[in-house]
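In case you want the letters, here they are:
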Amino acid sequence: MQGAYASGAQTMGDMMSGLEGKTGDVFDKAFIEEMIVHHQGAVDMANAALTSAKHTEIKTMAEAIIKAQTAEIAQMKEWQKSWYGTP
């Protein structure tokens, strides 16, 4: 499990380093791109929790994560399209 955590931490570090030195519109575009990937990862993990978790509390949280982060992904994709003409 420690290896999976380290891998995830590295990915987060990569996301953060991708924002370094950026400001304004360039920052905003990179932020949106990184956050979509980050949120999709959370949705994927939450879907796995729905099928594999033992505790109801985890499944309830997973449902909330899926609902909230799916809506946020849709919002960020709309901003991408509106501001940058990209999906």
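Look above for the structure.
The structure presented is a predicted model; accordingly, all values stated were derived computationally and were not measured. (Residues numbered from 1 in each chain as written. Predicted model: local features only at pLDDT ≥ 70, side-chain atom pairs only at ≥ 80, totals over all residues. Heavy atoms only, no water.)

(A) Region of the structure containing the nonpolar core. Judged by nonpolar contacts, Ile32, Ile36, Val43, Ala46, Ala49, Ala53, Ala62, Ile66, Ile73, Met76 and Tyr84 together constitute the single largest core of 11 residues. Elements represented by at least two residues in this core include exactly α2 (24-52) and α3 (56-84). Not counting chain neighbours up to four residues away, the residues in contact with Ile36 comprise Ile73, Met76, Lys77 and Gln80. (Core = buried A, V, L, I, M, F, W, Y, C linked by side-chain atoms within 4.5 Å. Buried < 20%, exposed > 50% of the residue type's maximum accessible area, 1.4 Å probe, protein only. Helix = DSSP H or I, 4+ residues; strand = E, 2+ residues; numbered from the N terminus. Contact = heavy atoms within 4.5 Å.)

(B) Expanded view of α3. The terminal C-alpha atoms of α3, which comprises 29 residues, lie 41 Å apart, in line with the 42 Å expected from a rise of 1.5 Å per residue. Those residues of α3 that sit buried are Ala62, Ile66, Gln69, Ile73, Met76, Gln80 and Tyr84. Two residues or fewer after α3 comes Gly85, characterised by a positive phi angle close to 70 degrees. (Expected span 1.5 Å × (residues − 1).)

(C) Representation of α2 within the structure. Taking 1.5 Å per residue as the helical rise, α2 with its 29 residues ought to reach 42 Å, and the 41 Å between its terminal C-alpha atoms agrees with that figure. Structurally, α2 contributes buried residues whose contacts are with α3.

(D) Main features of the packing of aromatic side chains. Taken as a whole, this structure holds three aromatic pairs when the rule is applied. Here Trp79 and Trp83 contribute two aromatic rings whose centre-to-centre distance is 5.3 Å and whose plane-to-plane angle is 5 degrees, an arrangement assigned as stacked. One end of the pair is Trp79 and the other is Trp83, both in helix α3 and four residues apart, which spans about a single turn. A ring pair is formed by Trp83 and Tyr84, whose centres lie 6.2 Å apart and whose planes are at 90 degrees; its orientation type is edge-to-face. Taking relative accessible area as the criterion, Trp83 reaches 47% and is therefore assigned partly exposed. (Phe/Tyr/Trp six-rings, centres within 6.5 Å; stacked < 30°, edge-to-face > 60°.)

(E) View of the side chain of His39. Relative to the helices and strands, His39 resides in helix α2. According to the relative accessible area criterion, His39 is buried, its value standing at 6%. Looking at His39, its side chain comes within polar contact range of the side chain of Glu72, at 2.5 Å. (Polar contact = N/O pair within 3.5 Å; in protein donor to acceptor, adjacent residues only side chain to side chain.)

(F) Just the environment of Glu20, in detail. Mapped onto the elements, Glu20 comes out in the loop between α1 (2-17) and α2. Given a relative accessible area of 61%, Glu20 falls into the exposed group. As a C-alpha pair, Glu20 and Ala30 span 10 residues in sequence and 10.0 Å in three-dimensional space.

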